[in-house]
Structure formats: C-alpha cells, structure tokens
Amino acid sequence: MACLFALIPGTARADNPIVQNIYTADPAPMVHNGRVYLYTGHDEDGSTYFTMREWRVYSSADMVNWTDHGSPMNLATFAWADANAWAGQVVARNGKFYWYVPVRQRSNGQMVIGVGVADSPTGPFRDALGRPLVGNNEIDPHAFIDDDGQAYLYWGNPGLWYFKLNPDMISFSGSATRIPLTTAGFGTRTGNASRPTLYEEGPWVFKRNGLYYNVFAAECCSEFIAYSTATGPTGPWTYRGTIMPRQGASFTNHAGVIDFQGGSYFFYHNGALPGGSGYTRSVAVEKFTYTSSGMFPTINMTTTGAPQVGTLNPYVRQEAETIAWGSGIETEVSSEGGMNVGWIENGDYIKLKGVAFGAGATSFSARVASATSGGRIEVRLDSANGPTVGTCTVGGTGGWQIWSTTTCAISGATGTRDLYLRFAGGSGNLLNINWWQFGGSGGTATNLLTNGDVENGTTGWGVHGSGTLSRNTSVAHGGSGSLSITGRTGAWNGPGQDVTARLTNGRSYTTNVWVRAQSGTPSAKATLSLTANGTTSYLQLTPAVGVNVNGWTLLTGTTTVSWSGTLTSATFYVETAAGTDSLLVDDASLQ
C-alpha cells in the first residue's frame, strides 16, 4: 500500500484512526505487562467484500504512539483453512497467548474457530490444534477468564453461543450452549421476525466490580454498539442500551473494552481513512468514564482519539515503526529483527506525540538503509512544517536491508513536544529507517547496565544460573563484539548483572536488548529477579520473542519495578521461555 493517507505538509492531525498505512478492522485489545496489545484484522486494499488474509498486532505504553509488530499469524498458519481471516481475540494464560479466530474450513466451506498459540504477545503464533476447536458456521470468538479461573469462549452470528474452556485453553468441557436471545436480554428489533433481538455479532464479555458485561454489535445494517449486563458469566442478561450510535463510513462496527493505567478505553472501527468503507475499515479508540452506577455513557467517534498516558522517552532507542501518525510510509519485516519503516518518499513523515526532551537534546541517531542515493531526515517539532532542530543526511548503503547508523547535531529540542521526522530528497524511494534515539544532557535516563554495548569484554556481566560466558568478536549487533552464553542447563540461565543498588522503588524502566540464537529458534526474554524481605519474585521486563541464528531480534518493554520491604538482591538477566539453546546478546540497556 503506497499511501492510504497523505497530507499537505504541516497540516495538524489528530490521532484516530490508530493505523494509517493499512486498513484495519475488528479491534481486540489486551493489557499485558504494562502495555496495551491491539490485535486486528487487515482489510485488503480495494476490497468489495470482507477480503482478509492475515491478522496484525500493535502495542503502546501511552495509548497514542503505537508500535507495529507486523503480522504474526495468517491463513497459512492453519493448513486446513482457505479464507476469511476475520475477527478474533487474544487471551493470556499459562505463560502463553491464545488467539481465537474464525476462518473458513477448506474441506466443507463453513466458518469454524481455530486457535493460534504463542510464547509472546507479538508472536509468532502457530496452530495449537491442527484442526478447528469448534465449528457451527458462526463467527466472532471471544475468550474470558473469570475470577475463579474458569475460562469461557463466546461466539456467534446469528446465534450467541458459549462453552467452558478447559485449563489448557484449547479444549472444552461439555457441549456448546446457546444463550437465549430474549428481548429483555438483548433489546427489541423490529421488522425482522427471524431476528427479534438487537444482537447481531461480536460479543465482548468482561467483568467489572462484580458485574458482567456483554458488549456487542447490534442490528445490521448499519450496526451500532450496544450492551447487556448480568450477575453471572452466562446470564441471564439484561439489555442496557446503546454505547456507540450508528456513525462513520462502515456499515459494521466491532468493539473491545479495557482498563489501562487508571482509565477506561473503548476500541471500535470505522471507515475514516481515504477509500474507507464497510470493507476497508480502520481501528480507532476513545477514552471514557463509567457512570456512578457502572453503566456505559454514550461514546461518539472522534478524530481526536484518546489522550496520552505519560510521555515518550527519546533518550532510549525507539523503533521507527512506533508511530502516532504516519503520512506516506509503510512498514515491513526488517533483516535486523522486528519491523522497519520503508517506501519513504519526499515529504513523507512520522509523527510521535508527547516526546519529553527535558533540558535539551544535542544529537539524533537513526539506523537507516538505502538502495538509492538516500535523502535527508528533517527533525522537526510541533508539525511537519514546524521548526527544524536538526537534519541528518542519509547516503546509499548498498541495499534496502543493508543498515548503517547516521548521527547529526540537534539544537532547540527542549521540553515536551510532538516530534516529526520528515523525509526529504529526490524522486522515488529514498531510504528505510529501523530505529532512532536522541542523545544529550536533557536525557534523564541512565543505563543501569555496565558495559551494555559489550565493547569492554565481559566486564560487568556474569552468568545467572549455569553456563559459559565469553565475548564473541565475529558476530555483533553494534560495535566489535557481543556476549556469548553457551552450556546453559536451564531455560532461566543466561547473562546477567546485579542491579540492586541502581533501582528505585516504584519507577518505570525501559529495557532494550538485542538477542540472536546460536542454535535453534528459542523465545528469549529479559527478566528481573527481586529479593525483598526474604521473598524472591520475578518480573518479566520484555515479552518473550522468537529469535534465530539468521539475525538480531530486539527485546523491548517498559515495566514498573516495585517491591515491599528492604531490597537485598536484584538481578537483570536474559533467559529463554524453554530449552537451553546458546545465545548471543548485545546492546543491552535498562533505563
């Protein structure tokens, strides 16, 4: 997709829809480890039906700057499916992530529900069963885990069904039960004798303050969002009314509701991007407040979106595909792990919202690649035509995935401002960008890890558990060497550092560490062990992400670190979710 949304440079933009470079639909938000993970479908360009072949993942720590994690699951994940990668939802349990999705079964052409499973919220996901979990030619699965640990799966259009999931989350007890669609429970529809209630599709079930909510798409077409409540997870339900009226250019709507950092958020889709329609939709979000009796207010679609939670730290490495608003750009899989921004032409830009420069930045670095003669990155504030505080020149690197780091001086970037990276140059594609980072006295973030770039041998590093630690000078993410850990006898073994004296109770820390497998394809993660008052706890600093021998993968996350009593030991270390494969680690920071 060359560009869904191009703007006159300098035009101010709000932040809905969340994604601007592709069409996204059917939002399914999940809060995990201090971030919101947003799972969506992907409407193909120019669709005149629900033409969808993959699912996408985005995440944010502040509700406005969203990181694109690409597509960790698609139709090919399910060898027995052939079409219709429609509305699904993810739930975390047992240290894994389960993605329930409706797809068309190749053997009979009917809609069924499959399950993908992953060790990380960003995947990759694999087929958990090798067959459908359940199938009755109905759609829109949603999983809910109650306070007592019992999990339920709801789905349905035209009916509404549920069953109790077993603890393994990929099997169920008993048979599917059809929830009675009464007018008292789901409102009254007129003019359609076969569907007397307002319930259409897309159930989203959750519990808040002892009350169960069922938010659903109502009365196609066009749909609005309504809800019912109950005192138990299976009803009986009481219809409560409209949440979001019929609005926007899409004749469908699909809701997801979460609480995050003290606020409540309502996700939905519309057709707000150019070319938008009921088949080319876009996911958006609004912040809201429940009434004093726990009911939903009326929520209207806006272009403003949700307010920012906190600020973005420019003095730690930020992925280029972390975006509040993008114009003209696309994303793709990067050879260095994760995603990068590409297909950049003259006048395109990336906006980051609420960037906390503090007393002032003095430098800007970016990881770039170009198969042409390159271009320029104009570092601007407030708008795409705002004041320029620095310009980095990017030359050709010999290929779109041959990476180099460029640095330029910055002057005048102080306080908290919106940041625009505006790209300039000749015609055609100019450059790709993988990540960026500011330097300077304004940065309050200090790397708590000694020798995080591994340029001073293994100084500061030790082995958490068992294994052999050495410096590898043949393979490095940056600089001249990386840490090698071999001979691990447990998944929790890995390179580590004592950070006991460096932590502040209640502070949020951002972790960035690059990992590469020396064998196998393990899922790696960064962890912090904390011992206070004789009790040891383990805090996962980053999601577990699959790594391999072919390139480097970034583990990144922001987590609040806290403890009760006196802290006597704290160790940062890199481990795997399972197995004992040897690893390489480089450019690690805990800030």
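All of these numbers come straight from a predicted model, not from anything done at the bench.

**Focus: the overall build of the protein chain**
Each helix and strand in the protein chain was counted, giving one helix and 44 strands. The C-alpha radius of gyration computed for the protein chain amounts to 24 Å, which stays within 12% of the reference 25 Å derived for 591 residues, consistent with globular compactness. Overall size of the protein chain, expressed as C-alpha extent along the three principal axes, is 75 × 60 × 50 Å. A buried classification covers 59% of the 591 residues belonging to the protein chain.

**Quick word on the pairing of strand E13 (residues 161-165)**
Most of E13 is tucked away: four of the five residues are buried. Of the pairings in the sheet, the one linking strand E12 (residues 151-155) to E13 comprises five bridges and is antiparallel in character. By the bridge assignment for E13, Trp155 is matched with Trp161. Between E12 and E13, which pair antiparallel in sequence order, lie five residues; one of them, Gly156, sits at a positive phi of approximately 145 degrees. In this sheet, strand E14 (residues 172-178) lies alongside E13 in antiparallel orientation, the contact comprising four bridges. Paired with Lys164 across the bridge in E14 is Ser173. Between E13 and the antiparallel strand that follows it, E14, lie six residues; Met169 among them carries a positive phi value of about 70 degrees.

**Quick word on the state of the cysteines**
Taken as a whole and assessed by the stated rule, the structure comprises two disulfides. The disulfide partner of Cys220 is Cys221, and the gap between their sulfur atoms is 1.5 Å. Residues Cys220 and Cys221 are joined through a disulfide that is right-handed, its torsion about the S-S bond being 40 degrees. Across the protein chain, the disulfide pattern expressed with sequentially numbered bonded cysteines is 1-2, 3-4.

**Let's talk about the environment of Asn447**
Note on placement: Asn447 falls in the loop between strand E33 (432-439) and strand E34 (462-464). Not counting residues within four places of it along the chain, the set of residues in contact with Asn447 comprises Gly452, Ala588, Ser589, Leu590 and Gln591. In terms of polar contacts, Asn447 uses its side chain to reach the backbone carbonyl oxygen of Ala588, at 3.1 Å. A polar contact of 3.0 Å, which involves the side chain of Asn447, links it to the backbone nitrogen of Leu590.

**Considerations on the pattern of salt bridges**
In this structure the tally under the stated criterion is 19 salt bridges. In this structure, Glu336 and Arg367 form a salt bridge, with 2.6 Å as the shortest nitrogen-oxygen distance. Within this pair, whereas Glu336 is found in the loop between strand E25 (330-333) and strand E26 (339-342), its partner Arg367 is found in strand E28 (residues 363-370), the two being separated by 31 residues in sequence. Its relative accessible area of 10% is what places Glu336 among the buried residues. Several salt bridges share partner residues, and in doing so they unite Asp15, Lys351 and Lys353 into one network.

**Topic: the packing of aromatic side chains**
In the structure shown here, the tally under the stated rule is 39 aromatic pairs. Between Tyr213 and Tyr290, the aromatic rings sit 6.0 Å apart at their centres with planes inclined by 55 degrees, giving tilted as the arrangement. Taken as a pair, Tyr213 in strand E16 (residues 211-218) and Tyr290 in the loop between strand E21 (282-288) and strand E22 (318-319) lie far apart in primary sequence, 77 residues in all. Comparing Tyr213 with Tyr290 shows no difference in burial state: the two are buried. Between the aromatic rings of Tyr290 and Phe296, the centroid separation amounts to 5.1 Å while the plane-to-plane angle is 55 degrees, which identifies the pairing as tilted. With respect to class, Tyr290 is no different from Phe296; both count as buried.

**Comments concerning the pairing of strand E38 (residues 507-517)**
Each regular strand displays side chains that alternate between the two surfaces of the sheet. For E38, a buried count of nine out of 11 residues is recorded, marking the element as mostly surrounded by other parts of the structure. Sheet topology note: the E38/strand E42 (residues 553-561) ladder contains nine bridges and is antiparallel. For Trp514, the partnering residue across the bridge sits in E42 and is Leu554. Judged from the six bridges that link them, E38 and strand E44 (residues 583-590) form a sheet pairing that is antiparallel. Pairing of Ala517 across the sheet is with Leu583, part of E44.

**Quick notes on the confidence of the model for the protein chain**
When pLDDT is averaged across the protein chain, the result is 93; 97% of the residues are at 70 or more. Confidence drops under pLDDT 50 across residues 5-13; counting only partners more than four residues distant or on other chains, this segment forms 23 contacts.

**Points about unusual backbone geometry**
The residue after Asn157, namely Pro158, is reached through a cis peptide bond having omega 20 degrees. Between Cys220 and Cys221 the backbone carries a cis peptide bond, its omega angle lying at 0 degrees. Position of Cys221 among the secondary structure elements: in the loop between E16 and strand E17 (224-230). The phi dihedral of Asp140 is positive, around 65 degrees, even though this residue is not glycine. Relative to the elements of secondary structure, Asp140 occurs in the loop between strand E10 (126-127) and strand E11 (142-145). Given the relative accessible area of 5%, Asp140 is considered buried. The phi torsion at Asn451 lies on the positive side, around 60 degrees, for a residue other than glycine. Relative to the elements of secondary structure, Asn451 occurs in the loop between E33 and E34.

**Some details on the sheet that holds strand E19 (residues 256-260)**
Taken in spatial order, the three strands of this open sheet run E19-E20-E21, and their pairing is antiparallel. A strand with exactly one partner marks an edge of an open sheet, and here the two such strands are E19 and E21. In this sheet, adjacent strand axes meet at a mean angle of 30 degrees when their direction is disregarded. Direction of pairing for E19 relative to strand E20 (residues 263-270): antiparallel, over a ladder of five bridges. The partner of Gly256 across the bridge, within E20, is Phe267.

Criteria and cut-off values
Residues numbered from 1 in each chain as written. Predicted model: local features only at pLDDT ≥ 70, side-chain atom pairs only at ≥ 80, totals over all residues. Heavy atoms only, no water. Helix = DSSP H or I, 4+ residues; strand = E, 2+ residues; numbered from the N terminus. Rg over C-alpha atoms; globule rule 2.2 N^0.38 Å. Buried < 20%, exposed > 50% of the residue type's maximum accessible area, 1.4 Å probe, protein only. Pairing = 2+ DSSP bridges. Disulfide = S-S within 2.5 Å. Contact = heavy atoms within 4.5 Å. Polar contact = N/O pair within 3.5 Å; in protein donor to acceptor, adjacent residues only side chain to side chain. Salt bridge = Lys/Arg side-chain N within 4 Å of Asp/Glu carboxyl O. Phe/Tyr/Trp six-rings, centres within 6.5 Å; stacked < 30°, edge-to-face > 60°. pLDDT = per-residue confidence, 0-100. Axes fitted to C-alpha atoms, helices over the stretch in contact; angles between N-to-C directions.

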